Amino acid sequence: MHYVDRVLASLKEKNPNEAEFHQAATEILNSLRPVVDRHPEYEKTALLERFVEPERVILFRVPWVDDGGNVHVNKGYRVQFSSAIGPYKGGLRFHPTVNLSIVKFLGLEQVLKNSLTSLPIGGGKGGSDFDPKGKSEGEIMRFCQSFMTELYRHVGADTDVPAGDIGVGGREIGYLFGQYKRIVNEHVGVLTGRGLSYGGSLVRTEATGYGLCYIVEEALADRNDGFKDKTVVISGSGNVAIYAAEKAQSLGAKVVAMSDSNGYIFDKSGISLDVVKQIKETERGRIRLYAERVKGAEYHDGCRDIWSIPCDIALPCATQNELDLESAKRLVQNGVKVVGEGANMPTTLDGISAFLGNGVVFLPAKAANAGGVATSALEMAQSSGRLFWTFEEVDLRLRSIMKNIYRNIDGAAREYGAEGDYVAGANIAGFRKVADAMLAQGIV
Ligand code: NDP
Ligand code: 2IT
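Residues numbered from 1 in each chain as written. Chains lettered and ligands numbered in written order. Predicted model: local features only at pLDDT ≥ 70, side-chain atom pairs only at ≥ 80, totals over all residues. Heavy atoms only, no water.

(A) Structural view of the site of ligand 2. Contacts to ligand 2 come from 14 residues, most closely from Lys-89, Lys-113, Lys-125, Arg-204 and Ser-376. A distance of 3.0 Å is found between a nitrogen atom of ligand 2 and a backbone nitrogen or oxygen belonging to Gly-164. A distance of 2.9 Å is found between an oxygen atom of ligand 2 and a side-chain nitrogen or oxygen belonging to Arg-204. (Near = heavy atom within 4 Å. Polar contact = N/O pair within 3.5 Å; in protein donor to acceptor, adjacent residues only side chain to side chain.)

This is the structure in structure tokens:
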């Protein structure tokens, strides 16, 4: 049996009922077959077995009291996956679906993503099955304080630096940071995505969505094309989706659809992003309201059919496995040219095969959404240097990081005879640096 197949079989046996983790590991390890064949030292040092096993998994209780005086208990998670190339780094997700499988798949993806940024950050991920929807400000604050009252002992500016993800934005990072500072008595860069008044970086809010458009732009430029006059469909209407839409529009594209977990809006004359921002960022309301406010716009229940809208560029920016084989086939039939993953693992494995098999330019999450964490690393650099860079400076760095990622994944794919297969390219390019660091550091 091939080394990769043995590692995968053992991973599934030792971690049953972790479907998302199996999915991420299968995609990654399958890409690494030719790399492992060239490097027998990996098998000798059980490098793949160590690579897929988190260094540390922390599970904890998060008790909190709601406004009515009722006591609730949620689960808290932090998976410190790999510190081979830097301190653990990765977001926190608050969503009722969060479980160990999801946190582990996100953590494994993060290890390779962070490597691709070329910055010195290891990989981790965390979160809770807490549902922020419908909670009051006070409830959100008390939950964040309780979460950090346990987490603080496991994190630190040079140890593990969490950030936002689904359900965790600037508001939550503020409450988490306030509690950390109160307990530890240190004003340090222990979280990224902080507000600009207390150590945050310009562009961090926009970074994931902007970075996604920068790498798509690079892939298009490589084919003598660009965003201008392209029709774009973006799923989600959270942090990543909103700033992907903003950048796509500023590069001359027309964004015609966005969604949330209830349904999607279609506006053939182009989405008015101010209205989306007002609904989502200010009111924390549902995307359905858009169609009530903008003439000519349609709302449809159910988010999956967003992929039936014809477009040149599809940017899934909501959640894992939101784009399956059937949706991929519809996009292909409707002539999609580029798919850029803003969310983590939004496309199922058979969906990815459909894109690759039909000549669609497919930019996988660990490369395409790396702009967020890359800008987090720039926030860390500014924190330790006691510096504050301008918007233009951070944006320029982000752009050059995304260009560099594109060149690296394109180059790695070519080197291994898989030209244009950026899934292989991203997995190989990300893995190489982690593997080198692991080999150099001995059996740890
Ligand atoms: P937000 O919480 O800001 O927004 C999430 C969006 O996705 C919302 O529109 C939400 O709809 C929708 N969504 C969430 N869960 C589901 C679901 N189960 N089915 C359908 N829609 C859903 O999160 P972000 O924008 O930060 O994150 C979006 C994706 O991008 C995630 O996969 C995240 O891991 C990834 N990502 C985020 C980065 C960041 O910097 N924030 C960096 C890199 C990747 P609703 O409001 O109805 O729940
Ligand atoms: O998935 C991701 O890369 C994030 N949620 C951002 C992580 C970070 O540390 O900025």
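So, next bit.
(B) Region of the structure containing the nonpolar core. Counting 99 residues, the largest nonpolar core has Ile-234, Met-258, Leu-363 and Phe-431 as its most contacted members. Here this core gets ten residues from one element, more than from any other, and that element is helix H18 (residues 422–440). Not counting the four nearest positions on each side in its chain, Phe-431 is found in contact with Leu-32, Val-35, Tyr-42, Leu-47, Leu-48, Phe-51 and Leu-112. Judged by nonpolar contacts, the second largest core, of 22 residues, contains Ile-58, Val-62, Phe-130 and Phe-177. (Core = buried A, V, L, I, M, F, W, Y, C linked by side-chain atoms within 4.5 Å. Buried < 20%, exposed > 50% of the residue type's maximum accessible area, 1.4 Å probe, protein only. Helix = DSSP H or I, 4+ residues; strand = E, 2+ residues; numbered from the N terminus. Contact = heavy atoms within 4.5 Å.)

(C) Region of interest: the sheet that holds strand E7 (residues 254–259). Taken in spatial order, the seven strands make up an open sheet running E9-E8-E7-E6-E10-E11-E12, and their pairing is mixed. Bordering the open sheet on either side are strand E9 (298–301) and strand E12 (361–363), each of which pairs with just one other strand. Across the sheet, the mean angle separating the axes of adjacent strands is 15 degrees when strand polarity is ignored. Across the sheet, helix H10 (residues 239–250) is in contact with strand E6 (231–235), E7 and strand E10 (313–316); its angle to E7 comes to roughly 170 degrees. (Pairing = 2+ DSSP bridges. Axes fitted to C-alpha atoms, helices over the stretch in contact; angles between N-to-C directions.)

(D) Structural context of the side chain of Ser-259. Relative to the helices and strands, Ser-259 resides in strand E7. The exposure class of Ser-259 is buried, given its relative accessible area of 2%. A polar atom in the side chain of Ser-259 sits 2.7 Å from the backbone nitrogen of Gly-236. With sequence-adjacent residues up to four places away left out, Ser-259 is seen in contact with Ile-234, Ser-235, Gly-236, Ser-237, Tyr-264, Ile-287, Cys-303 and Ile-306.

(E) Seen up close, the sheet that holds strand E4 (residues 123–128). Taken in spatial order, the five strands make up an open sheet running E1-E2-E4-E3-E5, and their pairing is mixed. One side of each edge strand has no neighbouring strand; the edge strands of this open sheet are strand E1 (56–65) and strand E5 (160–163). Between one strand and the next, the sheet's axes are offset by a mean angle of 20 degrees, whatever the strand orientation. With four bridges joining them, strand E3 (residues 88–94) and E5 adopt parallel strand pairing. Pairing of Tyr-88 across the sheet is with Asp-160, part of E5.

Structural measurements only, silent on function.
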